[in-house]
Amino acid sequence: MKFCFATLGCKVNQFETQALAQLAQQRGHVLAEKQADVCIINTCTVTSSGDHKTLRVLHKLQKENPNAIVALCGCFAQTEPEQAAAMDGVHIVCGTSDRAAVLDLCEQAVRDRKAVCTVTDNRQRQAFEQLPAGILPGHTRALLKVQDGCDNYCTYCIIPYARGHVRSLPLAEAVKQAQQLAASGVREIVVTGIEIASYGRDLPDKPTLIDLMEQLCEAAPDVRFRLGSLEPRLITDEFCRRLRRFSNLARHFHLSLQSGCDATLRRMHRRYTTAQFFAVVERLRAAFPACSITTDVITGFPGETEQEFAQTMDFLKTCAFASMHIFPYSERSGTPAASMPDSVPPQVRAQRATAARALAAQMSQDFLRPFIGKTICVVLEHGTSEAQPAHGDWHFSVVLPPDTGRQGDVCRVRLTGIAQNGMAAEKI
């Protein structure tokens, strides 16, 4: 059969989609973008806008594949199964558990055209679902999912309800998958999960993310490993002492901040203060000089006053982030924050997001400027007739002239200036 896949949301969803595509091909199916027999949409629900995006993708795929069986899996399907099942033209609703079983359901639905909803409470799920690691089509970086679930219960976030409790891939299996990817020619692996700082706490011998990264970096020394989003409390002196010796650990650390105001952090149920967060930033910069430290910020969270937002802006300047993802707060039904008092008007949330993005752009320029003239090692990505992108140790992309080399090649380049989406460079 012809299978078509669409992915919304985070790198975990991207990993799971490519794993499903691999499993479908192993069964003898082929991948297609149009006139497919089956369309599988891996959904996101981190904000209410994610739900709307699911609907738009659904309509697009139905137009391009009018006779296809349509399956919804992922976080939106998990948290809103009745709404998902009621969508016009949806045949299968699967949630976030037992992703591989969705293929069985799709094959059966092609034969009998019966609608099926198999969503169960995945907070009762104890085992990590192992799926094959691999590369997304058109990409050079592989994703390695090592953890699922979250037990933090931030007041704005629905993900613990969508993903369940913390579950981890056994350390030996993670190393094995990384070695297999390296043997296939992969030169960068992004270590990802829903909350990777919690890695290992559910496993019998309680390995930590530090233990995992040590073994990964040692097992595949020719592969660059990049960490996904990190809980700031993970970055201890031990983290820096044990991992700074690995040259194949990317010098890029994404720390989720969300607010630079302690009162707002308490309402969000974040488990650190701004003072603790800044100590982590200083610790990383001392251990990994010139590293990229990037973050996420939510503007207009319930109760955020002008004074609190000003505190956040001042704190962002103090941290001098290399890049920031800025999101105006979006109510998500089912979370405590959705019913909190003192809601900030949407237009104020948007105005604050615009101001924060302007600051982010300025700080990004300040971070990139000292790199001009430096020589770095990059991995080439798929190029176009206009340019060939690449990526190095840091967060920024590198733009090279077209036909610099083959996708996946490793080469040395000189950074010549700041480009629109990163830095311009020339091959040495």
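Residues numbered from 1 in each chain as written. Predicted model: local features only at pLDDT ≥ 70, side-chain atom pairs only at ≥ 80, totals over all residues. Heavy atoms only, no water.

**Some remarks on helix α5 (residues 101-112)**
Count 3.6 residues to each turn of an α-helix, and residues three or four apart come out pointing the same way.
Working step 1: With 12 residues, α5 should cover 16 Å at 1.5 Å per step; its first-to-last C-alpha distance of 17 Å lies within 8% of that length.
Working step 2: Among the residues making up α5, those that are buried are V102, L103, L105, C106, E107 and A109.
Working step 3: Residues of α5 that are buried in the fold lie against β1 (2-7), α1 (11-26), β3 (38-43), β4 (69-74), β5 (92-95) and β6 (116-117).
Working step 4: Two residues or fewer past α5, R113 is found with a positive phi of approximately 60°. (Helix = DSSP H or I, 4+ residues; strand = E, 2+ residues; numbered from the N terminus. Expected span 1.5 Å × (residues − 1). Buried < 20%, exposed > 50% of the residue type's maximum accessible area, 1.4 Å probe, protein only. Contact = heavy atoms within 4.5 Å.)

**So, the side chain of H29**
Working step 1: Looking at the secondary structure, you find H29 in the loop between α1 and β2 (30-31).
Working step 2: Overall, the relative accessible area of 10% leaves H29 in the buried class.

**Topic: unusual backbone geometry**
Working step 1: Although it is not a glycine, Q35 sits at a positive phi angle of roughly 55°.
Working step 2: With respect to the element layout, Q35 can be found in the loop between β2 and β3.
Working step 3: Backbone geometry at R113 places phi at a positive 60°, although glycine is not the residue there.
Working step 4: Note that R113 resides in the loop between α5 and β6.
Working step 5: Judged by its relative accessible area of 44%, R113 is partly exposed.

**Thoughts on the packing of aromatic side chains**
Working step 1: Within this structure, the stated rule accounts for 13 aromatic pairs.
Working step 2: For the pair F301 and Y329, a centre-to-centre distance of 5.3 Å together with 75° between the ring planes defines the contact as edge-to-face. With F301 in the loop between β13 (292-299) and α12 (306-319) and Y329 in the loop between β14 (323-328) and α13 (346-368), this pair connects stretches of sequence that are 28 residues apart.
Working step 3: In this structure F301 comes out as buried when scored by relative accessible area, which is 0%.
Working step 4: Here F371 and F396 contribute two aromatic rings whose centre-to-centre distance is 5.2 Å and whose plane-to-plane angle is 70°, an arrangement assigned as edge-to-face. Of this pair, F371 sits in the loop between α13 and β15 (375-380) while F396 sits in the loop between β16 (388-391) and β17 (397-400), and the two are 25 residues apart along the sequence. For the residue pair F371 and F396, the accessibility class agrees, reading buried in each case.
Working step 5: One aromatic cluster is present, built from ring pairs that chain together Y272, F277, F315 and F321. (Phe/Tyr/Trp six-rings, centres within 6.5 Å; stacked < 30°, edge-to-face > 60°.)

**Regarding the environment of W394**
Working step 1: Relative to the elements of secondary structure, W394 occurs in the loop between β16 and β17.
Working step 2: A polar atom in the side chain of W394 sits 2.9 Å from the backbone oxygen of A290. (Polar contact = N/O pair within 3.5 Å; in protein donor to acceptor, adjacent residues only side chain to side chain.)

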